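Read off the chains here:
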Amino acid sequence: MNGQNYKKSIRVNATKEVAFSALTADIDKWWTSEAGKFENEGDVAKFGFAGRKGYWSFKATKLDPDFVEWECVEALHIHDGLPDEIKTEWLGTRAVWSIDENDGVTDIQLEHQGLTPDLQCYEVCEAGWDMFFVDSLKAYLDTGVGKPFS
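Residues numbered from 1 in each chain as written. Predicted model: local features only at pLDDT ≥ 70, side-chain atom pairs only at ≥ 80, totals over all residues. Heavy atoms only, no water.

Draft legend 1. Structural context of the layout of surface pockets. The calculated volume of the largest pocket comes to roughly 520 Å³. Elements supplying a minimum of two residues to the lining of the largest pocket: strand E4 (55-64) and helix H2 (122-143). It is H2 that contributes the most residues to the lining of the largest pocket, seven residues altogether. Class assignment of the residues belonging to the lining of the largest pocket gives a composition of 14 nonpolar, four polar and three charged. (1 Å grid on protein atoms, 1.4 Å probe; cavity = no way out; pocket = protein on both sides within 12 Å on 5 of 7 lines; lining within 4 Å. Points joined across faces, edges and corners; volume = space filled by probe spheres on them. Helix = DSSP H or I, 4+ residues; strand = E, 2+ residues; numbered from the N terminus. Nonpolar A, V, L, I, M, F, W, Y, C, P; charged D, E, K, R; others polar.)

Listed below in structure tokens is the structure:
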């Protein structure tokens with residue numbers, strides 16, 4: 001990839017184990033209420049958005065307490081006002097999560113490999129990840145209450 005992938009970090013007051021669970025089993029608590037779960041590497045989970053036709057399906061390619069990776073294997077991103085090319089721009093991209101706990105706080109870094117400024121959806125997707133990762137996941141891990149799409 002070109003080094004300009006979407007990349008952000010958050011620091012939360014939760015254990016590494018709770019953060020790992022949020023990225024595998026509790027995705028519905030912070031991203032979308034129509035979220036699948038990952039129990040084992042190779043699992044495919046679908047993420048839909050209530051009342052909308054769009055969705056993404058991801059395959060868990062790595063499930064480790066320090067490192068979680070999802071690969072987009074199916075995409076239908078529909079966004080009014082943007083070109084049709086965005087529908088499948090996420091195919092083959094990878095959401096890579098690094099989890100590191102030190103002194104009672106946990107740092108989580110998300111790099112969405114392949115989500116780069118040259119994609120038609122970049123501005124919309126950057127704002128979406130900022131809302132769901134930077135705001136909602138952080139809130140969920142700090143307070144127990146996220147702000148998932150529902």
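Draft legend 2. Structural view of the sheet that holds strand E3 (residues 44-48). Reading across from one edge, E1-E7-E6-E5-E4-E3-E2 is the order of the seven strands in this open sheet, with antiparallel pairing throughout. Sheet topology places strand E1 (6-12) and strand E2 (34-35) at the edges, where each strand pairs with a single neighbour. Sheet topology places E2 next to E3; two bridges connect them, and they run antiparallel. Pairing of Glu-34 across the sheet is with Gly-48, part of E3. Where helix H1 (residues 16-24) meets the sheet, it contacts E4, strand E5 (67-76), strand E6 (94-102) and strand E7 (105-113), and its direction lies at approximately 165° from that of E6. Sitting on the sheet, H2 touches E1, E5, E6 and E7, and the angle it makes with E1 is about 15°. (Pairing = 2+ DSSP bridges. Contact = heavy atoms within 4.5 Å. Axes fitted to C-alpha atoms, helices over the stretch in contact; angles between N-to-C directions.)

Draft legend 3. Layout of the state of the cysteines. Under the counting rule described, the total for this entry stands at zero disulfides. Free cysteine Cys-72: the closest other cysteine sulfur is in Cys-121, separated by 10 Å. A residue is classified by how much of its surface remains accessible, and Cys-121, at 0% relative accessible area, is buried. (Disulfide = S-S within 2.5 Å. Buried < 20%, exposed > 50% of the residue type's maximum accessible area, 1.4 Å probe, protein only.)

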